[in-house]
Amino acid sequence: YVLGAGKAGVSMAQAAERVLGRRIAAGFVNVKDGSVAGGRAARAGRIELNECGHPVPDARGVFGAERIAEIAARAGERDLVVWLVSGGASALLPFPAAPVTLEEKQAATRLLLASGADIHEINTLRKHISCIKGGQLARMAAPAAVEALLLSDVIGDDPGVIGSGPTAPDASTFAGALAVLDRYAIRERVPAAVRERLERGAAGEIPETPKPGAACFRKVRNTIIGSNRLALAAAGRRARELGYRTLVLASGIQGETREIARVHAAIAREIAATGHPVKPPACIITGGEPTVTLRGGGLGGRNQEFVLAAAIDIAGLKDVVVFSAGTDGTDGPTDAAGAVADGNTLRRNPDARRYLENNDSYNYFQPLGGLVITGPTHTNVMDVQIVLVGSAV
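Everything numeric here is computed off the predicted structure, so don't read it as measured data.

J.: Looking at this structure, I do not really get the side chain of serine 172. What am I missing?
T.: Looking at the secondary structure, you find serine 172 in the loop between β6 (145-151) and α7 (174-183). Since its relative accessible area comes to 14%, serine 172 is described here as buried. Side chain to side chain, serine 172 and aspartate 170 meet in a polar contact 2.7 Å long.

Here's what the structure looks like:
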């Protein structure tokens, strides 16, 4: 049985079909809207592909998650479940636990996204209002063997966090999910059913998700097959081939995106002024998954906001370019993967600060031709940031 969810679901399903062929008894993978030509459902051979909503889950995702659970529960002791997970799987695998409804789960997700919560915090909540996340798919599939192949879209590549860990032991708790809500002062703002389920779970009235050492994990193996580190290493090799002195700094960048952007701009200024930490022509590469705290009503995403914030701080510098994009080809609720800017960007529109304060980076870059639009890449290993500092020609 081949099951899965994520933005890379189409290409992963196609690869599984090529390798396993007629051995596949049934397959079902939830994928992001727009991934499949022809609409809601299609096939990669014996594997059915189901398009559904992301980043906010929808009814199509619920339908798919229920179908996945049904197939997993069918597996017997001599069967193999191949579980394919990539970025976006948490939102693409909604299976709300009663009495929480899909609409209530959507509302809680939106609140956390808007509050600036990171993926670990969001997934802690998701696991505890779900029937399938946090190791619960492994519990459904037992006693079958489960081979989980994971494209990591999270800091640290923890299988328990990737896709909210449907086949991994869950170290988080109901109490931890409540602590996340309290950290962002939204416990009283989430739907009552969400709050009540978490409070009942924290009081021991609802069984916890499967923990490390649980019997359902005896025949489960989780393997990371792709990550942000691999993407940055590939980018670094290409930069060196192009003649840049290259430094891959980190794959674990997180925090408020505009503050991180200012640090990158400061590094660019230092390189231009002193040649440290690397002499021009220089390429600085980082990756990770920063967050945005929404303050305005504009249109954009964390990568576009990163570049807009950096553009302000590199204004006037010669031969400096800043790039940031999501490896899935999508940045926030836009058709752009990210953006690119240089030291002359603000000369073309000096009103950058107003756009930044309104979280309106998309509308800043669109008329300037600064958006990076790739279309769906059918993978996701978080974001990549690149700073180029060249010597004057």
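Okay, back to it.
J.: Help me out: how do you make sense of the packing of α7 against helix α8 (residues 192-202) in this one?
T.: Think of two packed helices as two axes; the pair is described by the angle between the axes and how far apart they sit. At a closest axis distance of 7 Å, the pairing of α7 and α8 adopts a crossing angle of 135°. The angle between α7 and α8 places the two elements in the oblique class. Like other packed secondary-structure pairs, α7 and α8 cross with a definite hand, here left-handed. Contact with α7, carried on its side by Phe174, Ala175, Ala177, Leu178 and Leu181, involves Arg195, Arg197, Leu198, Glu199, Gly201 and Ala202 of α8 and no other residues of that element. In terms of residue class, the contact of α7 with α8 is made up of seven nonpolar, one polar and three charged.

J.: Whenever I open this one, the sheet that holds strand β10 (residues 320-326) confuses me. Can you help?
T.: By definition, the strands of a sheet pair up through backbone hydrogen bonds, in either a parallel or an antiparallel sense. One open sheet accounts for six strands, arranged β8-β9-β13-β10-β11-β12; its pairing is mixed. Edge positions in the sheet fall to β8 (245-253) and β12 (371-372), since each of these pairs with one other strand and no more. Pairing between β8 and strand β9 (residues 282-288): six bridges, direction parallel. Its bridge partner lying in β9, threonine 246 is registered against cysteine 283. Contacts from helix α10 (residues 257-274) reach β8, β9, β10 and β13 (383-389) within the one sheet, and its direction differs from that of β13 by about 25°. In the packing of helix α11 (residues 302-313) onto the sheet, the strands contacted are β10, β11 (338-342), β12 and β13, and the crossing angle to β10 comes to about 165°.

J.: Is there a simple way to explain the pattern of salt bridges in this structure?
T.: Close approach of charged atoms allows side chains of opposite charge to pair. With the rule as written, the count across this model stands at 22 salt bridges. Taking the shortest distance from any N to any O, the salt bridge between arginine 183 and glutamate 121 comes out at 2.8 Å. Of the two residues, arginine 183 sits in helix α7 while glutamate 121 sits in helix α5 (residues 119-127), which places them 62 residues apart along the sequence. In this structure, the salt-bridge partner of lysine 211 is glutamate 208, at a minimum N-O distance of 3.1 Å. Residue glutamate 208 is classed as partly exposed on the basis of its relative accessible area, which comes to 27%. Ionic contacts of the salt-bridge type, sharing partners, join the residues Lys127, Asp170, Glu208 and Lys211 into one network.

Thresholds applied
Residues numbered from 1 in each chain as written. Predicted model: local features only at pLDDT ≥ 70, side-chain atom pairs only at ≥ 80, totals over all residues. Heavy atoms only, no water. Helix = DSSP H or I, 4+ residues; strand = E, 2+ residues; numbered from the N terminus. Buried < 20%, exposed > 50% of the residue type's maximum accessible area, 1.4 Å probe, protein only. Polar contact = N/O pair within 3.5 Å; in protein donor to acceptor, adjacent residues only side chain to side chain. Axes fitted to C-alpha atoms, helices over the stretch in contact; angles between N-to-C directions. Parallel < 35°, antiparallel > 145°, perpendicular 65-115°, else oblique. Left-handed = near helix turned anticlockwise from the far one by under 90°. Contact = heavy atoms within 4.5 Å. Nonpolar A, V, L, I, M, F, W, Y, C, P; charged D, E, K, R; others polar. Pairing = 2+ DSSP bridges. Salt bridge = Lys/Arg side-chain N within 4 Å of Asp/Glu carboxyl O.

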